[in-house]
Amino acid sequence: MAQFIFVTGGVVSSLGKGLASASLASLLQHHGYKVRIRKLDPYLNVDPGTMSPYQHGEVYVTDDGAETDLDLGHYERFTGVTSKRTDNITSGKVYQKIIAKERKGEYLGATVQVIPHVTNEIKEFVSKDLDDEDFIICEIGGTIGDIESLPFIEAIRQFHNDNGHENSLFMHVTLVPYIASSGELKTKPTQHSVKELRSLGIQPNILLCRADREIPEDERRKIGLFCNVKGDCVIPAINANSIYEVPINFLNEGLDKRILEYFRLEPKKEIDLKMWSQVSKRILEPEGSIEIGIVGKYTGLADAYKSLNEALSHGGIFNNVKVKLNWIESEELNGSNIENKLNNCHGILVPGGFGERGAEGKIAAIKYARENKIPYFGICFGMQLAVIEMARNILGIKDANSSEFADCKESIVGLMTEWSNVDNTTEKRTKESDLGGTMRLGAYEAKLKKNSKVRKIYDTELISERHRHRYEVNNNYAKDFEINGVHFSGYSPDGLLPEIVELRDHPWFIGVQFHPELKSKPFDPHPLFKSFITAAKNKT
Ligand code: GLN
């Protein structure tokens, strides 16, 4: 049987439970074990697909087409294990399933209750769809004390009893704050958080204590004593210089040892974290720096573009440069300030996006990049707007637009009403379809044209990338574009949907209908990001 590690959080949110889970998984992998990481989110949305990325952070899309929590992106970037739809549940999804069953009469007259029906569904999720993994790490979203996470805490408590205590472990991530006026680290918030957890029937086995400085041995012992945890299982998690140093820090603090001891397991091979030390060194000691202007809508939440930030930094790791990100608010861009705002950028990127607000500013930035031969990378919406810009300014179609926000005679970018899935089934949509889960989602293949830039970059003909969009570039203009040096260099395998557009007479101008940032890894940077950053570096 697989061993289960349940990760909960206490004191405050944003302690980096996701990164801690991903780093622990990487350590166990480096000991020779097969891992899987799952996220249990207590909110009521069925999935985060309908939530604003500016409030909740990026929606991470899996190969099998699920819209999931951004923590699944950390898991993939740290472990290289491809996440699946079954790796993320929410209360909404659990209740949706239970209510559907209840309506069908499947509960045979029983009163449907949180215990046992909701907790049973959660327990089933935790151990379903596994593939011979040695360790399953389950991160519970939210903070201990939240009303909405109670069924999840109760379910993992039951799971621990049902499956034998030696087969699951509880790791609680807490905060040990430093109070400047008294010059002390404070253990009380951790004590209270563990008290709360114990009142719900869970005794943590490991405490991972976030702190901004060393936690002295005495304080650790005190935390252990008050929280009923062994002294050496109180593990400090001191702020790291780079997130990719965290696995190394955990190794130095002995987190992996304590976990293997608990499960009475030995490492399967000698651990070697060279991969992480090389990545961290490249990030912390780059040989140069470049600046990329990202033109989008912002509310200051960096998590809204989490995978994009990471993928750009991976491109920097490959090129040995620091990639500085210059966030440019597209609504503020216009003809008169564009030169001023963009002339320091070595590359310009328009990321995925939705809706009309700020679209004209993005189009102006694309025109500037095209005309001034600045490397341009358009992702999803950034590709669609690039095609609109070129339709207006190269083909002379003045009212070229997307039917996402304009009623035009013939849309350059139009609502996709029918497309074929990888398994040859057909998807159909209308303007009235639900918004949740109805986009073209997940991995689709694309064929790259010979003699194109992307073919050289990928060095293969058939690629598979993840999608998340409702609108599609209209292929009717492909011929007119081609005559003018605008090359549709990648298509869906049936040849109907343009997947990539590139400019022949430009150092680097590529728009892609998919989201390459979702598959980039620090130890295996995505080819498009490597190439884009190389082009930007050539501008310095
Ligand atoms: N809004 C566009 C669409 O739905 C682009 C989506 C995106 O950039 N992810 O097609």
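Use the structure listed above.
Keep in mind the model is a prediction, meaning the values are calculated, not measured.

J.: Teacher, can you tell me more about the site of the ligand here?
T.: Residues in contact with the ligand, as listed here, are Gly-352, Gly-353, Phe-354, Cys-380, Phe-381, Gln-384, Glu-404, Arg-468, His-469, Arg-470, Tyr-471 and His-515. A distance of 2.9 Å separates an oxygen atom of the ligand from a polar atom in the backbone of Gly-353. Across the complex, the protein chains shield 98% of the 300 Å² of accessible surface that the ligand would expose by itself. Of all the secondary structure elements, the ones that give two or more residues to the shell around the ligand are α15 (381–393) and β20 (462–469). Grouping the amino acids of the shell around the ligand by side-chain chemistry returns four nonpolar, five polar and three charged.

J.: Just checking my understanding: could you explain the sheet that holds strand β6 (residues 135–140) for this structure?
T.: In a beta sheet, neighbouring strands pair by backbone hydrogen bonds and run either parallel or antiparallel. Strands sit in the order β5-β2-β6-β1-β7-β10-β11 across an open sheet of seven strands; the sheet is parallel. Among the strands making up the open sheet, the edge pair consists of β5 (88–90) and β11 (234–238). Between one strand axis and the next, the sheet turns by 20° as a mean value, whatever way the strands run. Sheet topology places strand β1 (residues 3–9) next to strand β7 (residues 168–175); six bridges connect them, and they run parallel.

J.: It is not clear to me how α15 should be interpreted in this structure. Could you clarify?
T.: At 3.6 residues per turn, the α-helix brings residues three or four places apart onto the same side. With 13 residues, α15 extends 18 Å between its outermost C-alpha atoms, agreeing within 8% with the 18 Å of an ideal straight helix rising 1.5 Å per residue. Taken across its 13 residues, α15 has twelve buried, putting it largely inside the fold. The complete set of buried residues in α15 reads Phe-381, Gly-382, Met-383, Gln-384, Leu-385, Ala-386, Val-387, Ile-388, Glu-389, Met-390, Ala-391 and Arg-392.

J.: Could you clarify how one ought to interpret the packing of aromatic side chains in this entry?
T.: Two descriptors summarise a pair of aromatic rings, namely the distance from one centre to the other and the angle between the planes of the rings. Taken as a whole and judged by the stated rule, the model has 20 aromatic pairs. With centroids separated by 5.3 Å and ring planes inclined at 85°, the aromatic side chains of Tyr-33 and Phe-135 adopt a geometry described as edge-to-face. One end of the pair, Tyr-33, is in the loop between α1 (17–30) and β2 (35–41); the other, Phe-135, is in strand β6, and 102 residues separate them in sequence. In this structure, Tyr-33 and Phe-135 share a single accessibility class: buried. The ring centre of Tyr-444 lies 4.3 Å from the NZ or CZ of Arg-440, which sits over that ring. The ring of Phe-318 carries the charged tip of Lys-530 above its face, separated from the ring centre by 4.7 Å.

J.: Sorry, what's going on with the pairing of strand β22 (residues 486–491) here?
T.: Remark: a regular strand shows side chains that alternate across the two faces of the sheet. Where burial is concerned, most of β22 is hidden: six out of the six residues are buried. In this sheet, β22 lies alongside strand β19 (residues 440–448) in antiparallel orientation, the contact comprising two bridges. Residue pairing across strands places Leu-448 opposite Gly-490, the latter belonging to β22. Inspection of the sheet shows β22 paired to strand β23 (residues 498–503) by five bridges, in the antiparallel sense.

Rules used in this analysis
Residues numbered from 1 in each chain as written. Predicted model: local features only at pLDDT ≥ 70, side-chain atom pairs only at ≥ 80, totals over all residues. Heavy atoms only, no water. Near = heavy atom within 4 Å. Polar contact = N/O pair within 3.5 Å; in protein donor to acceptor, adjacent residues only side chain to side chain. Areas by Shrake-Rupley, 256 points an atom, 1.4 Å probe, with all protein chains shown as cover. Helix = DSSP H or I, 4+ residues; strand = E, 2+ residues; numbered from the N terminus. Nonpolar A, V, L, I, M, F, W, Y, C, P; charged D, E, K, R; others polar. Pairing = 2+ DSSP bridges. Axes fitted to C-alpha atoms, helices over the stretch in contact; angles between N-to-C directions. Expected span 1.5 Å × (residues − 1). Buried < 20%, exposed > 50% of the residue type's maximum accessible area, 1.4 Å probe, protein only. Phe/Tyr/Trp six-rings, centres within 6.5 Å; stacked < 30°, edge-to-face > 60°. Lys NZ or Arg CZ within 6 Å of the ring centre and 35° of its normal.

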